[in-house]
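# Observations on the model geometry
Chain residues, written in single-letter form:
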Amino acid sequence: MPYLGVIILQGSSLTHPTAAERNKLLEKPKDLIDEADMLVSVYLLAVLASTGVGGAFTVGTDDANVKVRENEGADLTCKPSADFGATPRVEWKFNDLNTQRFVVFDGKPTESYANRVVLLNNGVRFNKVTRGDNGEYECEVSGNSNFGNVIVKLTVLVPVDAPVCNIPTSVTTDGKAILRCYDKVGSPPPTYKWYKGDTLLPEDPKKFPNFKNSTYRINPINGNLEFSPVTKADSGAYYCEAVNSAGPAKRCKAVRMEVEDVNTGGIVAAVIVTLLLVALLIVGLWYANKKGYLPTRSESKPKPSVIYQPPSSREEEEDGEFRQKSSFVV
């Protein structure tokens, strides 16, 4: 290392440093250089890891959550690192809730995707997507005796339609009522809101003073509005609204639900009338039977018994002639 001209000021005179003092001063720049090298190495490793370049058999993608409107095109990317070699084997699979099938196999689209999917340098392209293409697509890469994969989720955006609502028109107090709402078209699956008249029902009524005595529960995922128990205050016109990120909200037609008290007096009266009718029927049958108005069973006469008696051999042989004899005795 070249000599550094370092001068140390001592008191009022200038003196040259000793050998030990020069070594001590040179150690500090060396430590700083080592720390800087370490920081640069960490930074380079972080950059390589984030870009997928130079990593140990990694597979990346530009977008792991692709969203596109129905009947439009979509690109799904798959970028393996250089460790897999110049020509790694790449396959694409479609994974649905109950389905798994190949999209690309042996370097080309399978038969069911041949007219809709084309291969790219780093992925596949759908010329036109439908709501049936919703799901997860897995890119599997193999090469140099190693394997890697990446999953890309494809969401096909379809606006909701007017939901189907099932609202009872009459329920009894202290019972249970479930109002249902469902949309079969929207993608992604919509969320649901319920209205009573023109008032939006909050999902958690306990947080709002005007609804603190309410007994309902709303499930925004499946669209159910449940009253348990039902009260007279729950009477009114209800309708449901469905909405997702693909388009505007849609609602069903309002239906009025009436909550009525149980008619205890009417039930008791109906039971009493029924019992009286049964009693009158029994008395009438007894009186008719006593007067002989009801038909009686006729006694059946016994049928005469028939006994078969074979003819006597002696009678058959008499005079050498055959004689007709009575074979049956009544």
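Every residue gets a number counted from 1 within its own chain, in the order that chain's sequence is written. pLDDT decides what is reported in this predicted model: residues at 70 or higher carry local features, side-chain atom pairs at 80 or more are listed and counted, and totals for whole chains, interfaces and linings draw on all residues regardless. Based on all heavy atoms of the structure, the side-chain values leave hydrogens and waters out of the count.

### Things to note about the packing of aromatic side chains
Two rings from Phe, Tyr or Trp (for Trp, the six-membered ring) form a pair when their centres sit within 6.5 Å of each other. Planes less than 30 degrees apart are called stacked, planes more than 60 degrees apart edge-to-face, and all others tilted. Per the stated rule, a full pass over the model turns up eight aromatic pairs. With a centroid separation of 4.9 Å and an interplanar angle of 50°, the aromatic rings of Phe94 and Tyr137 are classed as tilted. With a gap of 43 residues between them, Phe94 in strand β7 (residues 89-95) and Tyr137 in strand β12 (residues 135-143) connect regions that are remote in the sequence. The classification of residues rests on relative accessible area computed with a 1.4 Å probe and restricted to protein chains. Under 20% of the type maximum is buried, over 50% is exposed, and intermediate values are partly exposed. On the basis of relative accessible area, Tyr137 is assigned to the buried category, the value being 1%. Ring centres 5.7 Å apart and planes at 70° place the aromatic pair Phe227 and Tyr238 in the edge-to-face group. Residue Phe227 is found in strand β20 (residues 224-227), and its partner Tyr238 is found in strand β21 (residues 236-244); the two are separated by 11 residues along the sequence. Helix and strand assignments come from DSSP, with helices taken as H or I runs of at least 4 residues and strands as E runs of at least 2, each series counted from the N terminus.

### So, the pairing of strand β10 (residues 117-120)
Pairing between β10 and strand β11 (residues 123-126): four bridges, direction antiparallel. Among the inter-strand pairings, Leu119 is bridged to a residue of β11, identified as Val124. Between the antiparallel neighbours β10 and β11 lie two residues. At least two bridges found by DSSP between two strands are what make those strands a pair.

### Some words on the state of the cysteines
Pairs of cysteine sulfur atoms within 2.5 Å are what we label disulfides. On inspection of all chains with the given rule, the structure shows three disulfides. Here Cys165 engages in a disulfide with Cys252; their sulfurs sit 2.0 Å apart. Between Cys165 and Cys252, the disulfide has an S-S torsion of -95° and is therefore left-handed. A residue pair is termed long-range when its members are at least 10 positions apart, and Cys165 in strand β14 (residues 164-166) and Cys252 in the loop between β22 (247-251) and β23 (255-260) qualify at 87 residues. Residue classification places Cys252 among the buried positions, given a relative accessible area of 10%.

### Topic: the confidence of the model for the protein chain
Confidence scores labelled pLDDT are given residue by residue by the predictor and lie between 0 and 100. Across the protein chain, the average pLDDT comes to 80, with 71% of residues at 70 or higher. Contacts are assigned to residue pairs that have any heavy atoms within 4.5 Å of one another. Contacts from residues 325-330, a stretch scored under 50 in pLDDT, to residues over four places away or in other chains number nine contacts.

### Let's talk about the sheet that holds β12
Taken together, six strands build an open sheet; the order of strands is β4-β13-β12-β7-β8-β9 and the sheet is mixed. Whereas interior strands pair on both sides, the edge strands pair on one side only; in this sheet they are β4 (65-69) and β9 (108-109). Bridging between β12 and strand β13 (residues 146-157) involves nine bridges; their strand directions are antiparallel. Across the sheet, Glu138 pairs through a bridge with Ile151, a residue of β13.

### Structural notes on the pattern of salt bridges
The salt bridge criterion pairs a side-chain nitrogen of Lys or Arg with a carboxyl oxygen of Asp or Glu, the two atoms within 4 Å. Counted under the stated rule, the structure contains 10 salt bridges. Here Lys79 makes a salt bridge to Asp62, at a shortest N to O gap of 2.9 Å. Placement of the pair is Lys79 in strand β6 (residues 79-80) and Asp62 in the loop between β3 (59-60) and β4, with a sequence separation of 17 residues. Of the residues examined, Asp62 reaches a relative accessible area of 54% and is grouped as exposed. In this structure, Glu140 engages Lys93 in a salt bridge whose closest nitrogen and oxygen atoms are separated by 3.5 Å. Residue Glu140 is located in strand β12, and its partner Lys93 is located in strand β7; the two are separated by 47 residues in the primary sequence. Lys93 shares its class with Glu140; the two are buried.

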